[in-house]
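# A structural walkthrough
So you can see what is in the structure, the chains are spelled out below.
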Amino acid sequence: MLLHSALMALGASLAAAVPTLEVQGEYFVNPKTGNRLQIVGVAYQPGGSAGYNEEAGRDPLSDPDICLRDAALLQILGVNTIRVYNVNPNVNHDKCASIFNAAGMYMVLDVNSPLVGESLTSWHPWESYYAAYLNRTFAVVEAFKNYPNTLAFFSGNEVLNNEETGATVPPYARAVTRDLKNYIKKHSDRAIPVGYSAADVRSILFDTYNYFQCSLKGDDGDMSKGDIFALNSYSWCGDSSFKEASYDQLVSGFSGNSVPIFFSEYGCNTPSPRVFTEVGTIYGSQMDTIFSGGVVYEYTQEANNYGLVDMQSDGSAKLMSDFLSLKDQYAKLNFTEIQGKKPASSSTAKAPVCESKLITTKGFNSNFTLPVLPPGAQEIIDKGVSPKPSGKLVEIKDWKVKFTVKNPDGTTISNLAVKPLGEDEINQPGSNTGATTQAGTDSTGTSSAPKPSTSKDAAARPGAVILPAVAMGAFAVMAAL
Ligand SMILES: *[C@@H]1O[C@H](CO)[C@@H](O)[C@H](O)[C@H]1NC(C)=O
Ligand SMILES: *[C@@H]1O[C@H](CO)[C@@H](O)[C@H](O)[C@H]1NC(C)=O
Ligand SMILES: *[C@@H]1O[C@H](CO)[C@@H](O)[C@H](O)[C@H]1NC(C)=O
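Residues numbered from 1 in each chain as written. Chains lettered and ligands numbered in written order. Predicted model: local features only at pLDDT ≥ 70, side-chain atom pairs only at ≥ 80, totals over all residues. Heavy atoms only, no water.

### Describing the site of ligand 1
By nearness alone, every residue bordering ligand 1 is listed as Asn90, Asn135, Ala139, Val385, Ser386 and Pro387. Interatomic distance of 2.4 Å between a side-chain N/O atom of Asn135 and an oxygen atom of ligand 1. When grouped by side-chain class, the residues that make up the shell around ligand 1 number three nonpolar, three polar and no charged. (Near = heavy atom within 4 Å. Polar contact = N/O pair within 3.5 Å; in protein donor to acceptor, adjacent residues only side chain to side chain. Nonpolar A, V, L, I, M, F, W, Y, C, P; charged D, E, K, R; others polar.)

Dropping the structure here:
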């Protein structure tokens, strides 16, 4: 009896999971509600490319304490998805995947890495298309396929980055998508979508999209057709507009899409700090029939200055003002409405048949005869990767963040923790409001902290504290005292 209830308790704590999404036509759909899901995402690559270190067995999802800190902050920010670029299939991701799952967040995973032999190259792609490379991409599938919050895999990221690469790369990039889809079909219990993440090089963007989303035989079961399409786009800079940022061209260029489309990166940082006024447009009516949201680049501050959070090597972290600006933009939106839309019933979008007239740029590849599998690869698809990595949700006992995290003004955030969500819940702004801001700074913290502000000053200055509503509540209590 005791054992039984212990197991029940364990089962209950393990069972709470985000609903596994499905692709229906051009939409991500939550099968539990029938509603579309708009991706509200952040690129997650702590440490930049150094955060992926094969010899040290380290990748962005290998350290549960760091993941817990970041999942708590991302949950407060209001996101529902992280994009992770470089994962090592041979390290254990169970705790991090379980933490992000409990926090109500999906993972979009790139199967490649920047290391030699771990991605298709832009230059002479045929030289990097071989069995050991594919084996590595399949191993990533094995490592992540069992997590309910694995949303999608990117088969390639910006392999096409100019017109020259448009001449040579497309058949190889499409072949990698085909091989991954064949592998998933044979070895995964559920269909996990696979697609390409494109550089927003406007001269080749729509050819790239057409090349990957068309269907060779005219049927949607085509195994080499991308299931999703995404783009890394930086055309909205500062306080721009739908037209000025040429988002109107994106909407018209992608209209009639047969697969979900979203920004796999956005967030131009000139000027900086950022205002993120694109957020309202991305989730608004001008975009939301064609786009399924987007991923802000990026979580941690690195040399290229796109960070929302500045993290130190001792695990402490400090929010940047961009974090608060983005949070403010999300807070203006009504996510009950945004995440409550049904797929358009009139949708009949069907992939166009692959033919050279789909391609409009001179020199862009229009040969849809794909390269055959490299020697040895069919055997791996047939028998599966060996040895086979595998992942599963595990119980997490403590949700409290172990590191000091500060606001941009140097005040310390208290009671920072992941709030595990219930079964089928997806994170959105307001899900986690448990953290509070202490007045004054902790002198052991980062040296760049400005002069501590009094609680009165902080309360009077909008944006000075991470969680205005809660912090105001705390201040109100202090005032009452
Ligand atoms: C395939 O991937 C697995 C898991 O990473 C690895 O152990 C194995 O050595 C790889 N095999 C080949 C042929 O590359
Ligand atoms: C948000 O949208 C929902 C659904 O349309 C609506 O019921 C609710 O009143 C809206 N909330 C606000 C604050 O406007
Ligand atoms: C198209 O690509 C295939 C496979 O690489 C190749 O065999 C064929 O010659 C190409 N066709 C043309 C017209 O270039």
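### Points about unusual backbone geometry
The omega torsion across Ser272 and Pro273 is 0°, close enough to zero to call that bond cis. Secondary-structure assignment places Pro273 in the loop between β10 (261–266) and α9 (278–282). Positive phi, normally seen in glycine, also occurs at Glu158, with a value near 50°. Among the residues examined, Glu158 registers a relative accessible area of 28% and is labelled partly exposed. The backbone phi angle of Phe276 is positive, close to 55°, even though this residue is not glycine. Topologically, Phe276 is positioned in the loop between β10 and α9. (Helix = DSSP H or I, 4+ residues; strand = E, 2+ residues; numbered from the N terminus. Buried < 20%, exposed > 50% of the residue type's maximum accessible area, 1.4 Å probe, protein only.)

### Brief notes about the sheet that holds strand β13 (residues 317–319)
The mixed open sheet is built from three strands, whose spatial order is β12-β13-β14. Strand pairing shows two members of the sheet lacking a second neighbour, β12 (309–311) and β14 (405–406), which therefore form its edges. Across three bridges, the pairing between β12 and β13 is antiparallel. Opposite Val309, over in β13, you have Leu319 as the bridge partner. (Pairing = 2+ DSSP bridges.)

### Section: the pattern of salt bridges
Within the structure shown, the criterion is met by 18 salt bridges. Note that Arg69 and Asp70 form a salt bridge whose closest N and O atoms lie 2.7 Å from each other. Note on Arg69: relative accessible area 0%, which makes it buried. Here Asp70 falls in the buried class, since its relative accessible area comes to 0%. (Salt bridge = Lys/Arg side-chain N within 4 Å of Asp/Glu carboxyl O.)

### Focus on the pairing of strand β6 (residues 106–110)
In terms of residue burial, β6 counts as a mostly covered element, since five of its five residues are buried. The side-chain alternation of β6 yields two buried faces, one formed by Tyr106, Val108 and Asp110 and the other by Met107 and Leu109. Pairing analysis gives four bridges linking strand β5 (residues 81–84) to β6, with the strands arranged parallel. Within β6, the residue paired with Thr81 across the bridge is Tyr106. Taken together, β5, helix α3 (residues 94–102) and β6 form a β-α-β motif whose crossover is right-handed. Pairing of β6 with strand β7 (residues 150–157), which is carried by four bridges, proceeds in the parallel orientation. Residue pairing across strands places Met107 opposite Thr150, the latter belonging to β7. With respect to chirality, the unit in which β6 leads through helix α4 (residues 131–144) into the neighbouring parallel β7 is right-handed. (Right-handed = clockwise from strand over helix to strand, strands pointing away.)

### Thoughts on α4
An α-helical segment advances 3.6 residues per turn. Residues three or four places apart therefore align on the same side. For α4, with 14 residues, the first-to-last C-alpha span of 20 Å sits near the 20 Å given by 1.5 Å per residue. All buried positions along α4 are accounted for by Ala131, Tyr133, Leu134, Arg136, Thr137, Phe138, Ala139, Val140, Val141, Glu142, Ala143 and Phe144. Against β6, β7, α6 (170–187) and α12 (377–383) lie the buried residues of α4. (Expected span 1.5 Å × (residues − 1). Contact = heavy atoms within 4.5 Å.)

### Thoughts on the confidence of the model for the chain
Taken as a whole, the chain shows an average pLDDT of 89; of its residues, 87% reach a score of 70 or greater. This stretch, residues 1–12, has a pLDDT under 50; its non-local contacts, to residues over four places away or in other chains, come to one contact. This stretch, residues 441–481, has a pLDDT under 50; its non-local contacts, to residues over four places away or in other chains, come to 61 contacts. (pLDDT = per-residue confidence, 0-100.)

### Comments concerning the state of the cysteines
One covalent bond between the sulfur atoms of two cysteine residues makes up a disulfide. Evaluation of the coordinates by the stated rule reveals three disulfides. Residue Cys237 pairs covalently with Cys268 via a disulfide, S to S 2.1 Å. With the S-S bond torsion at 105°, the cross-link from Cys237 to Cys268 turns out right-handed. Of this pair, Cys237 sits in the loop between β9 (228–233) and α8 (247–254) while Cys268 sits in the loop between β10 and α9, and the two are 31 residues apart along the sequence. The class of Cys237 is partly exposed, set by a relative accessible area of 30%. (Disulfide = S-S within 2.5 Å.)

### Digging into the packing of helix α2 (residues 64–77) against helix α10 (residues 321–331)
Between α2 and α10, whose axes approach to 9 Å, the crossing angle comes to 40°. With respect to each other, α2 and α10 are oriented oblique. Contacts between α2 and α10 involve Leu73, Ile76 and Leu77 from the first element and Phe323, Leu326, Lys327 and Tyr330 from the second. Of the residues belonging to the contact of α2 with α10, the class tally is six nonpolar, no polar and one charged. (Axes fitted to C-alpha atoms, helices over the stretch in contact; angles between N-to-C directions. Parallel < 35°, antiparallel > 145°, perpendicular 65-115°, else oblique.)

### Remarks on the nonpolar core
Judged by nonpolar contacts, the single largest core of 111 residues is most densely connected at Tyr44, Leu61, Leu74, Phe144, Phe229, Phe254 and Tyr330. Those residues within four positions of Leu61 in sequence are excluded, and the remaining contacts are Tyr44, Cys67, Ile82, Val84, Val87, Asn92, His93, Cys96, Phe100, Met107, Leu109 and Phe144. Among the nonpolar cores identified, the runner-up in size contains 19 residues, and Phe28, Leu37, Val108 and Phe154 belong to it. (Core = buried A, V, L, I, M, F, W, Y, C linked by side-chain atoms within 4.5 Å.)

### Some thoughts on the environment of Val405
In this fold, Val405 is placed in strand β14. With relative accessibility at 1%, the residue Val405 sits in the buried group. In this structure Val405 touches Arg69, Leu73, Ala317, Leu319, Thr411, Thr412, Ile413 and Leu416, once residues within four positions along its chain are discounted.

### Quick look at the packing of aromatic side chains
Counted under the stated rule, the structure contains 25 aromatic pairs. Considering the side-chain rings of Tyr247 and Phe263, the 5.2 Å spacing of their centres and the 35° angle between planes classify their relative orientation as tilted. Placement of the pair is Tyr247 in helix α8 and Phe263 in strand β10, with a sequence separation of 16 residues. Comparing Tyr247 with Phe263 shows no difference in burial state: the two are buried. An aromatic cluster of at least three residues, connected via ring pairs, comprises Phe206, Tyr209, Phe229, Trp236, Tyr247, Phe254, Phe263, Tyr266 and Phe291. (Phe/Tyr/Trp six-rings, centres within 6.5 Å; stacked < 30°, edge-to-face > 60°.)

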